[in-house]
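Residue-level structure breakdown
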Amino acid sequence: MIALKNIQKSYGDNQVLRGIDCTIPTGSVTVIIGPSGSGKTTLLRGINFLERADKGEIILDDMQVDVEKATKKEIHALRQRTAMVFQSYNLFQNKTALENIMEGLVVVKKLTQAQAKEKAEVYLEKVGLVEKGSFYPTQLSGGQQQRIGIARALALDPKVILFDEPTSALDPELVGEVLDTMKRAAEEVKCTMLVVTHEIAFARDVADQMIFMEGGNIVEEGRPREMIQAPQEERTRKFLSRFTLQQAGIC
Amino acid sequence: MGNVIDFSFALEVFGKLIGYVPVTLGLALSSMFFASVLGLAVMFVRWRRIPVLGQLATFYVIIGRALPTLIVLYLVFFGLPLLLLILSGGKVNNGFNQISPLVFAVLGLTLHSGAYLAEIFRTAVQSVNKGQMEAALSVGMTSWESFRRIVLPQAAVLALPLMSNQFLGLIKGTSIAFMITVMELFGAANVISSLNNRYLEVYIATAILYWLVSICFEKAFQMLEAKMSFFKERKI
Amino acid sequence: MGTYFSLEYMLESLPVLLSYMDVTILVTVISEIAAMVLGSAVALMRIHRMPALNGLCIGYISFVRGTPFLVQLYLICFGVPQILGAFGYADIRSLPVLLFVLMVMTLHSGAYIAEIMRGSILSIDEGQLEAACSIGMTAAQAYRRIVLPQAFRTAIPALSNEIISTLKNTSLVFNVGVIDMLSKAELMGSFSYRNLELYLDVGIVYIFLCLAIHAGTVFLEHGRGRHKNQAAMVTVE
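This one's a predicted model, so the numbers in the text were calculated from it and none came from an experiment.

Some remarks on the packing of aromatic side chains
Applying the stated criterion to the full structure yields 25 aromatic pairs over all chains. Ring plane angle 75 degrees and centroid distance 5.0 Å describe the contact between F77 of chain B and F104 of chain B, whose orientation is recorded as edge-to-face. Within this pair, whereas F77 of chain B is found in helix α4 (residues 69–87), its partner F104 of chain B is found in helix α6 (residues 101–127), the two being separated by 27 residues in sequence. No difference in accessibility class separates F77 of chain B from F104 of chain B, as the two residues are buried. By the ring-pair criterion, three or more aromatic residues cluster together here, those being F178, F186, Y199 and Y203 of chain B together with Y74 and F78 of chain C. The ring of Y123 of chain A carries the charged tip of K126 of chain A above its face, separated from the ring centre by 5.8 Å.

This is the structure:
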């Protein structure tokens, strides 16, 4: 279980997170949606301290971290228990696909090379890229890179994987393979996922919980199907209608 | 025209001067090694924004790049013995005689190149995509692990062209060491030319030797760069 | 400490040495202006792959970049008189050595500037040249009015580095008999035995000059940059 309590963050006078509270049960998938600038990416990056929030509390199972007073050690411990999938993949450019998955296993989990390799191959297979193990990131398509990024995160057995708009940088025809991989990760691996995305269809089909953020606040949260069909808040309805219209237009 | 250039003399000189190429290369290689260590340390201190040391490092980089190599050599040559004298309370006098000029030369060239290399390393580290560091942190590495295993190897590849440029400059820069009595290629050339009172042949031979050495290293570095940039090429 | 190092001597020598700074500046300015002209010409010859000249330019650049400045300096200052002497110009010693020095520095810097200018001209989008030609400019007009000004702007940082490098090379010309700050320092040092103080003085002057060039570059870039930013802001609004 991961819980956030009263997370606040400002850049100068600009308050981007105005006290966020939410709970993500173990093994569930939570999707955060919202217009750009709503603070959803900042929130996500605040959880593993890539950006440090000003105030609040992060609870990860038995760990409790006060954001304001977090020590280096706590931050490190938190990062060891979480993993992230980035919008721009951020695969280690100097490592092959397989080495990208092994890196954290060897350095952080202290597995031997052989153990790490064995485990990495398992996850390479889970994302369907066994034959690409020896390829460098620049030799892979965006979709393939992102699937490796997901394997890298999954292999660490994290308590939660943070997905930061994992399909936004992809060409439209490559979005499907990444969403499929994420869906399989949710269904087969049963890992806890917190996903910032614009893919409403993915939220509807896969997520257990949906959060709509705007202006640094959580405006509405609930079950995705219910929220999409009957949003309680006017702002949620407005935001979602734009998406459903768009998707209808495309389909 | 026959007496403008004495070819047999030129050839003879060429043979003699080849023997001094190792000195020049030794100077350049050892200075490059120490300067790289120094440059890395300075870059790291600035990168971590360590108080006092960081500002000192920035000051060094600015001054080191603004001073001509010769002045740095002179300051080391005249300053180091004085420093020894003061530190030893007047016991180690006349340091010029006790320290080989080669040591002064390596030290001076190291201090000079170190400032440039520190800046080269800093730019290289800065141009590694910020996401690389973030990704490394996100899988749970410490910032030192992330830096050493992910950022530094990529920065090294980015720095390679500039480093090789710096080294080529250093090979040429060693010629200044003759000013503090080091007998390297150019120093030997000066002795030979004034002994024989013939300049053109000697300096042409010297120039050709430096040129050949430079070209060899340039080609070697190009090959190395091609090899190292395996992950930069897009081969779809 | 006073017996080892005299701050007083250092301070009182500074004005004396400063009075020789004009040679340093003069040599830098003249050779750098000449080198800009030479370098730009060589760059254009290489870009347009002029037969014979292109090969010559490649050889020239490779030689200058492959050999130390000191060797080039000695080669010309001592070698050329030997050639002239062989052809019967016995009184070449009467030619001012400064002339040789300016020649070496121009040739040296010219090669580096040629590479800088070639790089920056090539970095200008080909569309600029095409657009200029499309509105009826001749190639020469297009280069002079559109391409070269832009190329010069991108080249400013590299050119500034090159000027600084030339400035620093002037510290070596006293070797061939030009009277500058360093030769004066050497002379004074042979009487006072306080070389360190004198070289520190010269070092300070060089640092000051380098920082001045750097500041000038930043100002030049910033001035032009502001112009650009304003344009960008207008479009945003």
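Some points on the interface of chain B and chain A
The interface of chain B with chain A comprises 24 residues on the first partner and 29 residues on the second. Between chain B and chain A, the buried area comes to about 2,300 Å², and carbon and sulfur atoms account for 55% of it. There are two salt bridges connecting chain B and chain A. Here R149 of chain B makes a salt bridge to E103 of chain A, at a shortest N to O gap of 2.4 Å. Our count for the chain B to chain A interface comes out at eight residue pairs in polar contact (both at pLDDT 80 or more). Here the side of chain B that touches chain A gets seven residues from one element, more than from any other, and that element is helix α7 (residues 130–138) of chain B. Taken together, the residues of the side of chain B that touches chain A break down into 10 nonpolar, six polar and eight charged.

Some points on unusual backbone geometry
Positive phi outside glycine occurs at K190 of chain A, with the angle close to 55 degrees. Looking at the element boundaries, K190 of chain A is found in the loop between α6 (172–189) and β8 (193–196). Using a relative accessible area of 55% as the deciding quantity, one classes K190 of chain A as exposed. Of note, the phi angle at R49 of chain C is positive, near 45 degrees, even though the residue is not glycine. Looking at the element boundaries, R49 of chain C is found in the loop between α2 (21–47) and α3 (53–66).

Examining the sheet that holds strand β6 (residues 82–85) of chain A
All names here are of chain A. A sheet is described by the order of its strands in space; here six strands give the open sequence β6-β7-β8-β3-β9-β10, paired in mixed fashion. The outermost strands of the open sheet, each flanked by one partner alone, are β6 and β10 (217–222). Between one strand axis and the next, the sheet turns by 20 degrees as a mean value, whatever way the strands run. One ladder, built from four bridges, connects strand β3 (residues 29–33) with strand β9 (residues 209–214); its direction is parallel. In the strand pairing of β9, T30 is matched with Q209. Each of β3, β6, β7 (160–164), β8 and β9 is contacted by helix α1 (residues 40–47), which is oriented at about 145 degrees to β7, the strand it contacts most. Across the sheet, α6 lies against β3, β7 and β8, angled at about 155 degrees from β8, the strand it touches most.

As for the interface of chain B and chain C
Facing 40 residues of chain B, the contacting portion of chain C comprises 38 residues. Summed over both sides, the interface of chain B with chain C buries roughly 3,300 Å², with 78% coming from carbon and sulfur. If you look at where chain B meets chain C, you find zero salt bridges. Here chain B is connected to chain C by 10 residue pairs in polar contact (both at pLDDT 80 or more). Put simply, the parts of the chain that give the side of chain B that touches chain C at least two residues each are α3 (53–66), α4, α6, α9 (185–196) and α10 (200–228) of chain B. For the side of chain B that touches chain C, the leading source of residues is α10 of chain B, giving 10 residues. The residue inventory of the side of chain B that touches chain C, partitioned by class, reads 28 nonpolar, eight polar and four charged.

As for the domain arrangement of chain C
Residue and element names in this part refer to chain C. Parsing chain C into structural domains produces domain 1 (1–20 + 179–237) and domain 2 (23–178). Look at where the C-alpha atoms of domain 1 and domain 2 centre, and you get two points 25 Å apart. Of the residues lining the interface, 16 residues belong to domain 1; the matching set on domain 2 comes to 17 residues. Interface area for domain 1 against domain 2, summed over the two sides, is near 1,600 Å², with a carbon-plus-sulfur share of 70%. Our enumeration of links across domain 1 and domain 2 arrives at zero salt bridges. The tally of links from domain 1 across to domain 2 stands at five residue pairs in polar contact (both at pLDDT 80 or more). Put simply, the parts of the chain that give the side of domain 1 that touches domain 2 at least two residues each are α8 (181–192) and α9 (195–236).

As for the packing of helix α3 (residues 97–107) of chain A against helix α4 (residues 113–126) of chain A
Residues and elements named next belong to chain A. At a minimum axis separation of 9 Å, α3 and α4 run at an interaxial angle of 130 degrees. Relative to α4, the element α3 is oriented oblique. Two packed elements cross with a definite hand, and for α3 against α4 that hand is right-handed. From α3, L98, I101, M102, L105 and V106 reach across to α4, where they touch Q113, A116, K117, K119, A120, E121 and L124. A per-class count over the contact of α3 with α4 returns eight nonpolar, one polar and three charged.

Section: the packing of helix α1 (residues 7–18) of chain B against α9 of chain B
How two helices sit against one another is set out by the angle between their axes and by the gap between those axes. All names here are of chain B. Running from N to C, α1 and α9 cross one another at 145 degrees; their axes reach a closest spacing of 10 Å. Here the hand of the crossing between α1 and α9 comes out right-handed. When α1 is examined against α9, the residues F9, V13, K16 and L17 are found in contact with a partner set consisting of L185, A188, A189, I192 and N196. Residue composition of the contact of α1 with α9, by class: seven nonpolar, one polar and one charged.

Rules used throughout
- Residues numbered from 1 in each chain as written.
- Chains lettered and ligands numbered in written order.
- Predicted model: local features only at pLDDT ≥ 70, side-chain atom pairs only at ≥ 80, totals over all residues.
- Heavy atoms only, no water.
- Phe/Tyr/Trp six-rings, centres within 6.5 Å; stacked < 30°, edge-to-face > 60°.
- Helix = DSSP H or I, 4+ residues; strand = E, 2+ residues; numbered from the N terminus.
- Buried < 20%, exposed > 50% of the residue type's maximum accessible area, 1.4 Å probe, protein only.
- Lys NZ or Arg CZ within 6 Å of the ring centre and 35° of its normal.
- Contact = heavy atoms within 4.5 Å.
- Buried area = accessible area lost by both parts, 1.4 Å probe.
- Salt bridge = Lys/Arg side-chain N within 4 Å of Asp/Glu carboxyl O.
- Polar contact = N/O pair within 3.5 Å; in protein donor to acceptor, adjacent residues only side chain to side chain.
- Nonpolar A, V, L, I, M, F, W, Y, C, P; charged D, E, K, R; others polar.
- Pairing = 2+ DSSP bridges.
- Axes fitted to C-alpha atoms, helices over the stretch in contact; angles between N-to-C directions.
- Domains from an automatic or database assignment.
- Parallel < 35°, antiparallel > 145°, perpendicular 65-115°, else oblique.
- Left-handed = near helix turned anticlockwise from the far one by under 90°.

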